[in-house]
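Structural overview
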Amino acid sequence: MIADSPIEESARRLISFGRASEPNIQAAYLFPDHAEIRVLYVDDTVPQVRSGEAVAPFYFGPSEETPYPSAIALIHPADFRSAALPSGWGDWQSAIAL
């Protein structure tokens, strides 16, 4: 992903809104993609991922505020860098802290 690309700018706005509306978000990560915003929030109020299961994102279509399809996932801090990521998201090394 190219820094300051339109999709990254939209992701930053989406993350800013998420942080403002949910005070338990401890961190936010973008998983680069050219067609979809893929964000993972770390939040200690969500349950841990069950053994053998991948993180399960919620998917949203484009809107006026976010002109790209988006996928939002929430994980418990204990799952950070250990839970399996959704198919196509790449690996933990590709996560960009925002």
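Just above, that's the structure.
Residues numbered from 1 in each chain as written. Predicted model: local features only at pLDDT ≥ 70, side-chain atom pairs only at ≥ 80, totals over all residues. Heavy atoms only, no water.

1. A short note on the nonpolar core
- Ranked by internal contacts, the top residues of the largest apolar core, which has 14 residues, are Tyr 29, Phe 31, Leu 40 and Trp 89.
- Secondary structure elements with two or more residues in this core: β1 (25-30), β2 (37-43) and β4 (70-75).
- Here the element with the most residues in this core is β4; it accounts for three residues.
- Residues contacting Phe 31, with those up to four places away along its chain left out, are Arg 38, Leu 40, Leu 85, Trp 89, Asp 91, Trp 92, Ser 94 and Ala 95.
- Grouped together as the second largest cluster of nonpolar side chains are 11 residues, Ile 7, Ile 15, Ile 25 and Leu 30 included. (Core = buried A, V, L, I, M, F, W, Y, C linked by side-chain atoms within 4.5 Å. Buried < 20%, exposed > 50% of the residue type's maximum accessible area, 1.4 Å probe, protein only. Helix = DSSP H or I, 4+ residues; strand = E, 2+ residues; numbered from the N terminus. Contact = heavy atoms within 4.5 Å.)

2. Points about the packing of aromatic side chains
- Scanning the model with the defined rule gives four aromatic pairs in all.
- Taken together, a centroid distance of 5.3 Å and an interplanar angle of 40° make the contact between Phe 31 and Trp 89 tilted. On the criterion of sequence distance, the pair formed by Phe 31 in the loop between β1 and β2 and Trp 89 in the loop between β4 and β5 (96-97) is long-range, its members being 58 residues apart. Exposure class is identical for Phe 31 and Trp 89. Each is buried.
- Here Phe 31 and Trp 92 contribute two aromatic rings whose centre-to-centre distance is 6.0 Å and whose plane-to-plane angle is 75°, an arrangement assigned as edge-to-face. (Phe/Tyr/Trp six-rings, centres within 6.5 Å; stacked < 30°, edge-to-face > 60°.)

3. Description of the sheet that holds β5
- With mixed pairing, five strands are arranged side by side in an open sheet as β3-β4-β2-β1-β5. Two strands in the sheet have a free side with no partner beyond their single neighbour: β3 (58-60) and β5.
- Examined bridge by bridge, β2 and β4 share six bridges and lie parallel to one another. Paired with Arg 38 across the bridge in β4 is Ala 71.
- In this fold helix α1 (residues 6-21) packs onto β1, β2 and β4, with an angle of close to 30° to the strand it touches most, β2. (Pairing = 2+ DSSP bridges. Axes fitted to C-alpha atoms, helices over the stretch in contact; angles between N-to-C directions.)

4. With respect to a nonpolar patch on the surface
- Residues Phe 58, Phe 60 and Leu 74 make up a contiguous nonpolar surface patch of about 300 Å² in total accessible area.
- With respect to the secondary-structure elements, Phe 58 resides in strand β3. (Patch = residues over 30% accessible without salt bridge, like charges linked within 9 Å, V, L, I, M, F, W, Y side chains within 5 Å. Areas by Shrake-Rupley, 256 points an atom, 1.4 Å probe, with all protein chains shown as cover. Salt bridge = Lys/Arg side-chain N within 4 Å of Asp/Glu carboxyl O.)

5. Things to note about the environment of His 34
- Its location among the elements puts His 34 in the loop between β1 and β2.
- Counting along the chain gives 29 residues from His 34 to Ser 5, while the straight-line C-alpha distance between them is 9.5 Å.

6. Topic: the environment of Glu 53
- Structurally, Glu 53 is set in the loop between β2 and β3.
- Separated by 43 residues in sequence, Glu 53 and Ser 10 have C-alpha atoms that sit 29 Å apart.

7. A look at unusual backbone geometry
- At Arg 81, a position not held by glycine, the phi torsion is positive, near 65°.
- One can find Arg 81 in the loop between β4 and β5.

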